[in-house]
Amino acid sequence: MAIDVASLAARLTVSSGIAAKADIGVVAAGLGLAGQSIAVGDDCAALPDGDGYLLFAIEGFINEFVAADPWFAGWCGVMVNISDVAAMGGRPVAVVDAVWANGEENASPVLEGMRAAAATYGVPIVGGHTNIRTDRHQLSVAILGRAKKVLTSFDARPGDVLIAAIDHRGRYREPFNNWEAATDAPPARLRGDLEVMAEIAEAGLAFAAKDISQGGIPGTAIMLAECSGVSIDIDLTAIPLPEGVALERWLSTFPSYGYLLSVAPANLEAVLKTFTARGIVAATIGTVNAGSEVAISADGNRAVIRDHAKVPLLGLGPTADKSEREDAT
């Protein structure tokens, strides 16, 4: 079936998952974060520490999600933070939480989900903040991690290829576009899968990566392109799809394990093999080029989703010094 690239691009351009990412720039500007020594726009703040980095991140969750699926919201509180640390080539150390609920009964499933995820991933919950005397059901979770070498949002460069690595061994957690491939997976496998990103970083096989989040593959690509000051072209026909899943929904999906990596062609095969050896679906889905457009294409048709030079999404821009980057060959 032919893909109507122009219509799909128009819908992606106004998608709520991508639009929500613009809030990052608004808040960053309000806090005066642009241009500071610690780059803003990555999955975690990378703080130089000895011969490596401390990684510090936080996630907050939509109230409707917490109310509709509180156990899974609690699980995700731990899981997505761990994924952010892994996206930067790190390993998690510990998490803390902030929970608001109307009574112990409503707080319990959220706490049980967090506890289950912490045990599965082997990452301790070491404290936090609690208010169970409120009419709001809200959750946020923060994490501390550590990395020897980091993968960043600022180091994609023209000539790289774009890889999508996603665990297809799951299903949608209806009615949301959350692809859940973790709650019934063997803990040892989940922990080993997360090690892949650190292995890639430490081997120098990639320098730029980003966790696929609420904006899906296109929204994550826009953030990566804007932070690195590059253009990205996504080939829709190259994106592997789980059986029975439509392309448009997959493009808007938040997978429990999913990353975009910008990789030098010389390292492409090694990176793909590192994922596929663990049963994770990984494929080249596009190219990184000079410019500022993020576009989708299929069958010779191309449409721009966003030109971040004309319409910034984050408003943060490239701040990293790429002069010291060297590709391992």
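Because the structure is predicted, anything quoted here is derived from the model rather than measured.

### Some words on the environment of Ser 262
Stage number 1. Relative to the elements of secondary structure, Ser 262 occurs in strand E12 (residues 258–263).
Stage number 2. Separated by 57 residues in sequence, Ser 262 and Leu 205 have C-alpha atoms that sit 9.9 Å apart.
Stage number 3. A polar contact of 2.7 Å, which involves the side chain of Ser 262, links it to the side chain of Asp 160.

### Describing the sheet that holds strand E7 (residues 171–172)
Stage number 1. A sheet is described by the order of its strands in space; here three strands give the open sequence E7-E8-E11, paired in mixed fashion. Unpaired on one side and paired on the other, E7 and strand E11 (254–255) mark the two borders of the sheet.
Stage number 2. Where E7 and strand E8 (residues 178–180) come together, two bridges link them in antiparallel fashion. Each bridged residue has a counterpart across the sheet, and for Arg 171 the counterpart in E8 is Glu 180.

### Looking at the pairing of strand E9 (residues 208–211)
Stage number 1. Because side chains alternate across E9, one face comprises the buried residues Ala 208 and Lys 210, and the other comprises Ala 209 and Asp 211, equally buried.
Stage number 2. Direction of pairing for E9 relative to E12: antiparallel, over a ladder of four bridges. Bridged to Ala 208 within E12 is Ser 262.

### What about the side chain of Asp 84?
Stage number 1. With respect to the helices, strands and loops of the structure, Asp 84 is situated in helix H5 (residues 70–87).
Stage number 2. Discounting residues that sit within four places of it in the chain, Asp 84 has contacts with Asp 43, Cys 44, Glu 59 and Asp 211.

### Considerations on the sheet that holds strand E1 (residues 45–49)
Stage number 1. Spatial ordering of the open sheet is given by E1-E2-E5-E3-E4, a layout of five strands whose pairing is mixed. Two strands close off the open sheet at either side, each with one partner strand: E1 and strand E4 (125–131). In this sheet, adjacent strand axes meet at a mean angle of 15° when their direction is disregarded.
Stage number 2. Relative to strand E2 (residues 52–60), E1 runs antiparallel, the two being bridged by five bridges. Bridge pairing in E2 places Asp 49 opposite Gly 52.
Stage number 3. The strands touched by H5 within the sheet are E2, strand E3 (91–102) and strand E5 (133–147), with E5 carrying the most contacts at an inclination of about 25°.
Stage number 4. Helix H6 (residues 104–121) contacts E3, E4 and E5 of the sheet and is inclined by roughly 170° relative to E3.

What counts and how
- Residues numbered from 1 in each chain as written.
- Predicted model: local features only at pLDDT ≥ 70, side-chain atom pairs only at ≥ 80, totals over all residues.
- Heavy atoms only, no water.
- Helix = DSSP H or I, 4+ residues; strand = E, 2+ residues; numbered from the N terminus.
- Polar contact = N/O pair within 3.5 Å; in protein donor to acceptor, adjacent residues only side chain to side chain.
- Pairing = 2+ DSSP bridges.
- Buried < 20%, exposed > 50% of the residue type's maximum accessible area, 1.4 Å probe, protein only.
- Contact = heavy atoms within 4.5 Å.
- Axes fitted to C-alpha atoms, helices over the stretch in contact; angles between N-to-C directions.

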